[in-house]
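# Close look at the chain arrangement
The chain contents come next:
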Amino acid sequence: MSRVVPINAARHGSLRVLPQADGANRRFALLGKSELALAAADFPLCLAKDAETGRFNLIALFSLIEARNLFWQGAAWHATYLPRSAATAPFLLDPAGVCGLAIDEGSAAIATAGTPLFLERDQPSDYLIDTQRLLNEVVDDVAQAQAMVDCFVTHRLVRPLTLIFREEEGREQELAGLYTIGDEALRSLGDEAVLDLHHSDWLGPAAIISASLAQIERLRQLHNATSERQLVSYALKVEE
Amino acid sequence: MANDPSGNDRAIQTVVIVGGGNAGWITAARIAARNGGDMPSAVQVILIESSTVPTIGVGEGTWPTMRNTLAKIGISETAFIRASDAAFKQGAKFVGWTDGSPQDAYYHPLNPPVGATELNLSPHWEMLKGNLGRSFADSVDFQGALCDAGLAPKAITAPEYAGVANYAYHLDAGKFTDLLRDFSVQELDVRHIVDDVVDVRMAENGDIDRLRLASGAEIQGDLFVDCSGFAALLIGGVYQIPFRKCGHILFADRALAMQVPYEDEAASITCHTVATAQDAGWIWDIGLWARRGTGYVYSSAHVSDDEAEATLRRYVGPAAEALSARRIPINSGHRESFWHRNCVAVGLSAGFLEPLEASALMLIETAVDVIADRLPRTRAAMDMIGRQFNAAFTHHWDRIIEFLKLHYVLTKRTDSAFWRDNVAAESIPDSLRERLLLWREHPPAPQDFSHAPEVFSWPSYQYILHGMGFETRYAGLARVNREAAAAQRWLKKVEAIREEALRKLPVHRELVGKIREYGLQVV
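Residues numbered from 1 in each chain as written. Chains lettered and ligands numbered in written order. Predicted model: local features only at pLDDT ≥ 70, side-chain atom pairs only at ≥ 80, totals over all residues. Heavy atoms only, no water.

### Observations concerning the confidence of the model for chain B
So the rule is basically this: Think of pLDDT as the predictor's per-residue confidence, scored from 0 to 100.
Per-residue pLDDT for chain B has a mean of 95; in total, 98% of the residues score no lower than 70. Two numbers describe this predicted complex: its pTM, 0.93, and its ipTM, 0.86.

Set out below in structure tokens:
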């Protein structure tokens, strides 16, 4: 259960955080625009609606049909790239907190073996100061990704994606609520729209997002390596 | 045919709409969106709006059909909700119609009963109702629970025009007209003329040839759509098509409307129409984004205007002191035919009924579905399409009148002359009486209705009949048919869907606020 509170020395003076130790149940992470190519080397990149606003976020997907992180094995990340929004957890920006930060007190990253948030006499540690800087960068970068996605939406490139996994004995399991860039929609963009996207440097990312769906197969393999429920095959359905 | 001297093979190129209310602009937008454009065969749409005749604008409740209509026009749901101060509507709650006791209320939800394409749950509900302990609407559907809880029919993550529960809208009719007008003119190239029609020039064959305007301009057309409201300039004024009154069936002949502000910005927005029975009619109460709309629909033979206004003010409460009420005449009935030669009437010029089931906008949409989607290609095709149109709409009006009357004939109220008179045999159409005899033994079913699509289909009749405690003898049907197990499954399913919907769906005001702030996504 997440419990986000602004950081203050009195309450969090002795708190320690083990960065990235909260990965076990993380199903996805928000991506910034600059991370796209790096993240695509590991994860399927999708669009998903924000539950609060209904607007699309760009995400890296870590899980399939089970609520666990498939890149988390033996209490550690097994990926070549870690999205920065995952690396900055359990912190969030909050002007009311010390260093402009809040912390999720329910996070599994809070551990006695971790890095302290405060030094003696309630001085924020370098860790806290670095985190603030990093988080500000992440927020900017995510905002740029969002502007890009908004533009994809305007050009009607965003399409509902359904993943259908076949288990043994022919049972099927559906994963809905994800979106991708429609290949057909991308191909049939008008000249003006293509130029518009290209000049914003968003045409390449659109192709990367679409191509990254091949990483679903990697998630399937990771799933099968660590689960009794074997996923025999899968099908991608994109509503063009 | 190629050289037909009558001009019958002439292509329909120009559609002229007379009247700039909701009817006129919905018609213009739909025809232009469907038949306009840059192609050589594209149809030009001209709308002439009087500068002197105000619009009526009482149609503030829609049907779910409006989602389709707007999508076909090309207006996004987000833009529509923002511009029209719209909120969601999931059905109607009828309060005090059956016996007038404090607990007397039932829902007519917009969702059909679960499993409606597979089986008819009505007899099963009758057999099981003792155990179910729920009304018919709550047994076969979950929408009443959403309404009670003030929850929306969808979440912010749902795409435009899609929802978990079926829904329609409550909207500000004036703002909606403005939106349609702006969109039609700016996006669909509808030619908008503000001027008054002063003369109608006929062709030799009896068609309308052109309209002369006060400015002296003459507007020629191939098809003329009369959206001139109660004035009925063309269908009545030119063609003298008789008006068939139905005030002897539906007694309400006046309405008194009052716009009521919310108490504060956080006040909940009711997600259904509330129709509360009164001594001589009923009061509507609908929730928009920025205000409520209320109004007393009454029979002037049963109550004076002053008494009616006092009743409405009592209903609204102290807030009414600062508010004024607007009178609207209701001349219940419709034309004997609607499409005559090259003229078709849409909206109030075609007919008007009390807004008990929000049929006004729906009838406009249904008419335009025919006119826009099967716009006669030539004058030769028009007569046949017109005949089909007349047959369909004569049927629709009869069915709607009967369906509205159904709400009155099932009452057990005897506390005022209005309710007693409503069950008098001479006020009940024969066809409705026959159906009620049938429906005592058999639940309303698709076979009872001949037209496809029927504007009110069999589930609506079931919601009213069971909602008003109509005495039926269906239990035997449930025992002999082989659907008992399936019926149990469906009824159980309702419980599960309701539980999930109540857990997941947002508060109505919260959702409309989010749509206004963030918008809905297209997919």
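So much for the structure itself; the text now carries on.
### Structural notes on the pairing of strand E4 (residues 45–49) of chain A
Residues and elements named next belong to chain A. How we decide: Summary of the burial criterion: residues with accessible area below 20% of their type's maximum are buried, those above 50% are exposed, and those between are partly exposed, where the area comes from a 1.4 Å probe applied to protein chains only. Strands are runs of DSSP state E lasting at least two residues, helices are runs of H or I lasting at least four, and both sets are numbered from the N terminus onward. At least two bridges found by DSSP between two strands are what make those strands a pair.
Within E4, five of the five residues are buried, which leaves it mostly tucked inside the rest of the structure. Burial of the side chains of E4 extends over both faces: Leu 45, Leu 47 and Lys 49 are buried on one face and Cys 46 and Ala 48 on the other. Here E4 runs beside strand E5 (residues 56–61); their pairing, made up of five bridges, is antiparallel. From the neighbouring strand, Cys 46 faces E5, where its bridge partner is Ile 59. Between E4 and E5, which pair antiparallel one after the other, the connecting turn spans six residues, and Gly 54 there sits at a positive phi close to 75°.

### Overview of helix H10 (residues 359–373) of chain B
Residue and element names in this part refer to chain B. Filter applied, for reference: Helix span, expected: 1.5 Å multiplied by one less than the number of residues in the helix. Two residues qualify as a contact provided that any one of their heavy atoms is within 4.5 Å of a heavy atom in the partner residue.
For H10, with 15 residues, the first-to-last C-alpha span of 20 Å sits near the 21 Å given by 1.5 Å per residue. Within H10, eleven of the 15 residues are buried, which leaves the element mostly enclosed by the surrounding structure. Buried within H10 we find Ser 359, Leu 361, Met 362, Leu 363, Ile 364, Glu 365, Thr 366, Ala 367, Val 368, Ile 371 and Ala 372. Its buried side turned inward, H10 meets helix H1 (22–35), helix H2 (65–73), strand E11 (223–226), strand E19 (339–340), strand E20 (343–345) and helix H11 (379–409).

### What to know about the side chain of Asp 104 of chain A
Residue and element names in this part refer to chain A. Using the following cut-off: By the counting rule applied here, Lys and Arg register as positive and Asp and Glu as negative, while His and the ends of each chain are not counted. Every case where a carboxyl oxygen of Asp or Glu lies within 4 Å of a side-chain nitrogen of Lys or Arg is listed as a salt bridge.
In this structure, Asp 104 sits in strand E9 (residues 101–104). Within the buried core, Asp 104 has no salt-bridge partner, and the shortest N-O distance to an opposite charge, that of Arg 3, equals 6.3 Å. Discounting chain neighbours no more than four positions away, the residues touching Asp 104 are Met 1, Ser 2, Arg 3, Val 4, Pro 90 and Ile 110.

### Examining the interface of chain A and chain B
Quick reminder of the rule: Two parts lose some accessible area (1.4 Å probe) when they are put together, and adding that loss for both gives the buried area.
With 13 residues of chain A in contact, the opposing surface of chain B contributes ten residues. A combined buried area of about 950 Å² lies between chain A and chain B, and 59% of that area is made up of carbon and sulfur atoms. Area buried by chain A at its contact with chain B is led by Lys 49, Glu 52 and Thr 53 of chain A, which between them contribute 43% of it. Seen at the junction of chain A and chain B, the total is one salt bridge. For Lys 514 of chain B, the salt bridge is made with Glu 52 of chain A, and the minimal N-O distance between the two is 3.1 Å.

### A closer look at the nonpolar core
Defined as follows: Buried Ala, Val, Leu, Ile, Met, Phe, Trp, Tyr and Cys residues form a nonpolar core when they are joined through side-chain atoms within 4.5 Å.
Judged by nonpolar contacts, the single largest core of 146 residues is most densely connected at Phe 80, Trp 97, Leu 211, Leu 223, Val 346 and Leu 406 of chain B. For this core, the leading source of residues is H11 of chain B, giving 13 residues. Counting residues in hydrophobic clusters, the runner-up holds 53 residues, among them Met 148, Cys 151, Leu 161 and Ala 206 of chain A.

### Here we look at the packing of H1 of chain B against H10 of chain B
Residues and elements named next belong to chain B. Quick note on the threshold: Axis lines are fitted through C-alpha atoms, for helices just across the contact stretch, and the angle between N-to-C directions can take any value from 0 to 180 degrees. Should an angle lie under 35 degrees it is considered roughly parallel, over 145 roughly antiparallel, and from 65 to 115 roughly perpendicular; all remaining angles are considered oblique. In this scheme, a crossing is called left-handed if the near helix is turned counterclockwise away from the far one by less than a right angle; it is called right-handed if the turn is clockwise. Residue type decides the class: Asp, Glu, Lys and Arg count as charged, Ala, Val, Leu, Ile, Met, Phe, Trp, Tyr, Cys and Pro as nonpolar, and the leftover types, Gly among them, as polar.
The contact between H1 and H10 brings their axes to 9 Å, and the two run at 30°. Taken together, the axis directions place H1 and H10 in an arrangement best described as roughly parallel. Two packed elements cross with a definite hand, and for H1 against H10 that hand is right-handed. Taking contact as the criterion, the partners of Asn 22, Ala 23, Ile 26, Thr 27, Arg 30, Ile 31, Arg 34 and Asn 35 in H1 are, on H10, Leu 361, Ile 364, Val 368, Asp 369, Ile 371, Ala 372 and Asp 373. Residues belonging to the contact of H1 with H10 are distributed by class as follows: eight nonpolar, three polar and four charged.

### Some thoughts on the pairing of strand E13 (residues 254–261) of chain B
Remark: a regular strand shows side chains that alternate across the two faces of the sheet. Residues and elements named next belong to chain B. Pairing geometry for E13 and strand E16 (residues 291–298), over eight bridges, is antiparallel. When the bridges of E16 are listed, Arg 254 appears paired with Tyr 298. The pairing of E13 with strand E17 (residues 326–329) spans four bridges and is antiparallel. In the strand pairing of E17, Ala 257 is matched with Arg 326.

### So, the environment of Ala 79 of chain B
Inspection of the secondary structure assignment puts Ala 79 of chain B in helix H3 (residues 77–83). Separated by 440 residues in sequence, Ala 79 of chain B and Gly 519 of chain B have C-alpha atoms that sit 8.2 Å apart.

### Section: the sheet that holds strand E18 (residues 333–335) of chain B
Residues and elements named next belong to chain B. In space, the three strands of this open sheet follow the order E12-E18-E21, with antiparallel pairing throughout. For this open sheet the edge positions go to strand E12 (243–245) and strand E21 (351–352), each flanked by a neighbour on one side alone. The pairing of E18 with E21 spans two bridges and is antiparallel. Looking at E21, one finds that Gly 333 is bridged to Phe 352. Across the sheet, H11 lies against E12, E18 and E21, angled at about 175° from E18, the strand it touches most.

### As for the environment of Tyr 262 of chain B
Residue and element names in this part refer to chain B. Note the following rule: Any N or O atom pair separated by 3.5 Å or less is treated as a polar contact, with the protein-specific requirement of one donor-capable and one acceptor-capable atom, and with residues adjacent in sequence counted only for side-chain atom pairs.
With respect to the helices and strands, Tyr 262 occurs in the loop between E13 and strand E14 (273–278). For the pair formed by Tyr 262 and Ala 319, sequence separation is 57 residues and the distance between their alpha carbons is 9.3 Å. Aside from chain neighbours lying at most four places away, what touches Tyr 262 is Ala 267, Ser 268, Ile 269, Gly 287, Leu 288, Trp 289, Ala 290, Arg 291, Arg 292 and Arg 509. Here Leu 288 takes part through its backbone oxygen, which lies 2.6 Å from a polar atom of the side chain of Tyr 262.

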